[in-house]
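Here is how the chains run, residue by residue.
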Amino acid sequence: ANSKLVSFDRKARYLAAYETKKKLGKLAESSQERLILNVLKNHWGDENIEHHPLINQWSIDILIIPISTYVQIDGVYWHGLDRDISEIRLSSRNIDKKIVEKFERDLQQNVWFQNRNIELVRITDAEVNFHKHDVDFILDKYNLRCPQL
């Protein structure tokens, strides 16, 4: 029973620290995430976008509240998308071990969201960079447009 108490206490401390960082704007974000966040806020309105919501103890980059769609902006390098994952797994470098952890966490997220019929959209930083002057392309490709009323 004591280990459950310690586990709960650790979780409570994590959540409190996370919420503090979120309020202070201290959670990590890339320029690509900021760009997509701003485009979505302009498109949907600030009140309809949540930045860094927690779901199943994962911090997700963006939630579009009216359509219950979560958006992750994945760096191709940091998420293991720029080379074969089996090659990265064979590496003894610490950075590659972290990349494998992120890759596996992404797979877990994909399954978790899919099993609950919750929309999770993954957009790579490379795709955002390529379309940064035509972000409407990204909105259309991933069906992230606000329906016109």
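Located above this text is the structure these notes cover.
Attention in this report is confined to the structure presented alongside it. On a predicted model such as this, the values are computed, not experimentally measured, just so you know. (Residues numbered from 1 in each chain as written. Predicted model: local features only at pLDDT ≥ 70, side-chain atom pairs only at ≥ 80, totals over all residues. Heavy atoms only, no water.)

**Notes on the nonpolar core**
Item 1. In terms of nonpolar packing, the biggest core is built from 18 residues, with Leu40, Val71, Ile123 and Leu144 touching the most fellow members.
Item 2. Put simply, the parts of the chain that give this core at least two residues each are α2 (31-44), β4 (62-64), β5 (69-74), β6 (119-124) and α6 (135-141).
Item 3. Beyond its immediate sequence surroundings of up to four residues, isoleucine 123 is in contact with Val71, Gln72, Ile73, Asp74, Val128, Ile138, Tyr142 and Leu144.
Item 4. In terms of nonpolar packing, the next biggest core, distinct from the first, is built from eight residues, Ile55, Trp58, Trp112 and Leu120 among them. (Core = buried A, V, L, I, M, F, W, Y, C linked by side-chain atoms within 4.5 Å. Buried < 20%, exposed > 50% of the residue type's maximum accessible area, 1.4 Å probe, protein only. Helix = DSSP H or I, 4+ residues; strand = E, 2+ residues; numbered from the N terminus. Contact = heavy atoms within 4.5 Å.)

**As for the packing of aromatic side chains**
Item 1. With the rule as written, the count across this model stands at five aromatic pairs.
Item 2. Between the aromatic rings of tryptophan 58 and phenylalanine 113, the centroid separation amounts to 6.4 Å while the plane-to-plane angle is 20°, which identifies the pairing as stacked. You can see tryptophan 58 sitting in strand β3 (residues 58-59) and its partner phenylalanine 113 sitting in helix α4 (residues 94-115), a full 55 residues away along the chain.
Item 3. You can call tryptophan 58 buried: its relative accessible area is 13%.
Item 4. Taken together, a centroid distance of 5.4 Å and an interplanar angle of 65° make the contact between tyrosine 70 and phenylalanine 113 edge-to-face. Linking tyrosine 70 in strand β5 with phenylalanine 113 in helix α4, this pair joins segments that are 43 residues apart in sequence.
Item 5. For phenylalanine 113, a relative accessible area of 1% translates into the label buried. (Phe/Tyr/Trp six-rings, centres within 6.5 Å; stacked < 30°, edge-to-face > 60°.)

**Observations concerning the pairing of β5**
Item 1. Across the six residues of β5, six count as buried, placing the element largely inside the fold.
Item 2. Because side chains alternate across β5, one face comprises the buried residues Thr69, Val71 and Ile73, and the other comprises Tyr70, Gln72 and Asp74, equally buried.
Item 3. Here β4 hands over to β5 after four residues, with serine 68 in that stretch at a positive phi of 45°.
Item 4. Alignment of β5 against β6, held across six bridges, turns out to be parallel. What sits directly across from isoleucine 73, in β6, is isoleucine 123. (Pairing = 2+ DSSP bridges.)

Just geometry here; none of it tells us what the structure is for.
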